[in-house]
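Per-entry structural report
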Amino acid sequence: MSIDRKEFLIIAAGAVLAGCRAATEGGAPVPPQAERVVDAGPASTYAADGVYSGYRNLGFFVVRNGERLFALSSVCTHRRCRISPEFDRSYSCPCHGSEFDTEGRVTMGPATRDLPTLQTSISEAGRLMVRVPAS
Ligand code: FES
């Protein structure tokens, strides 16, 4: 079987679009990054219980659970795809189906390691600072 130039271009364009879609939906591995500290805004922004996903693409979720405010990695421990929060505040990975509970503990593989909690601090100005480790 052979394909002509037009068929090749259609197939190639489809592959590129599929790759872009996977990347934007979190279905592609996150490239290695240097350690950094991210200013996640006023800590008062996170007063209500829930998962705040505004920093997902920078490597973490901000989670408020009662008195606890913490940052949880948004990078799957299996092969580094970006995970997504679910309505029940658990997390799932679009790449191979790993699932994590509300604290980031593995509930279904193939991942075997829990999502790490990232170091946080509150600045003098009341801003939440999140240290995202090198990866
Ligand atoms: S990268 Fe998440 S399950 Fe494989």
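Here we summarise the structure given alongside this text. What you see is a predicted model, and the numbers here were worked out from it, not measured in a lab.

When you line up the elements, Ser-121 lands in strand 9 (residues 117-122). For the pair Ser-121 and Arg-131, spaced ten residues apart in sequence, the C-alpha to C-alpha distance is 8.5 Å. Discounting chain neighbours no more than four positions away, the residues touching Ser-121 are Arg-127, Leu-128 and Met-129.

Of the two faces of strand 10 (residues 127-132), the one holding Leu-128, Val-130 and Val-132 is buried and the one holding Arg-127, Met-129 and Arg-131 is not buried anywhere. Two strands pair when backbone bridges link them, and strand 1 (residues 36-42) and strand 10 are joined in this way by five bridges, in the antiparallel orientation. The partner of Pro-42 across the bridge, within strand 10, is Arg-127. Two strands pair when backbone bridges link them, and strand 9 and strand 10 are joined in this way by four bridges, in the antiparallel orientation. The partner of Ser-121 across the bridge, within strand 10, is Met-129. Counted between consecutive antiparallel strands, the loop separating strand 9 from strand 10 contains four residues, among which Gly-126 sits at a positive phi close to 80 degrees.

Looking now at the sheet that holds strand 8 (residues 106-108). Spatially, four strands are ordered 5-6-7-8 in an open sheet, and the strand pairing comes out antiparallel. Of all strands in the sheet, those with a lone pairing partner are strand 5 (84-85) and strand 8, marking the two edges.

It is worth spelling out the environment of Ile-122 at this point. Relative to the helices and strands, Ile-122 is located in strand 9. Apart from residues lying up to four places away in sequence, Ile-122 is in contact with Ala-43, Arg-127 and Leu-128.

This part covers the state of the cysteines. Inspection of the entire model under this criterion finds one disulfide. One disulfide in the model links Cys-81 with Cys-95; its S-S distance is 1.9 Å. Between Cys-81 and Cys-95 the sulfur-sulfur dihedral comes to about -90 degrees; the bridge is accordingly left-handed. Within this pair, whereas Cys-81 is found in the loop between strand 4 (68-73) and strand 5, its partner Cys-95 is found in the loop between strand 6 (91-92) and strand 7 (99-100), the two being separated by 14 residues in sequence.

The rules behind the values
Residues numbered from 1 in each chain as written. Predicted model: local features only at pLDDT ≥ 70, side-chain atom pairs only at ≥ 80, totals over all residues. Heavy atoms only, no water. Helix = DSSP H or I, 4+ residues; strand = E, 2+ residues; numbered from the N terminus. Contact = heavy atoms within 4.5 Å. Buried < 20%, exposed > 50% of the residue type's maximum accessible area, 1.4 Å probe, protein only. Pairing = 2+ DSSP bridges. Disulfide = S-S within 2.5 Å.

Scope: geometric values only; no functional claims are made or implied.
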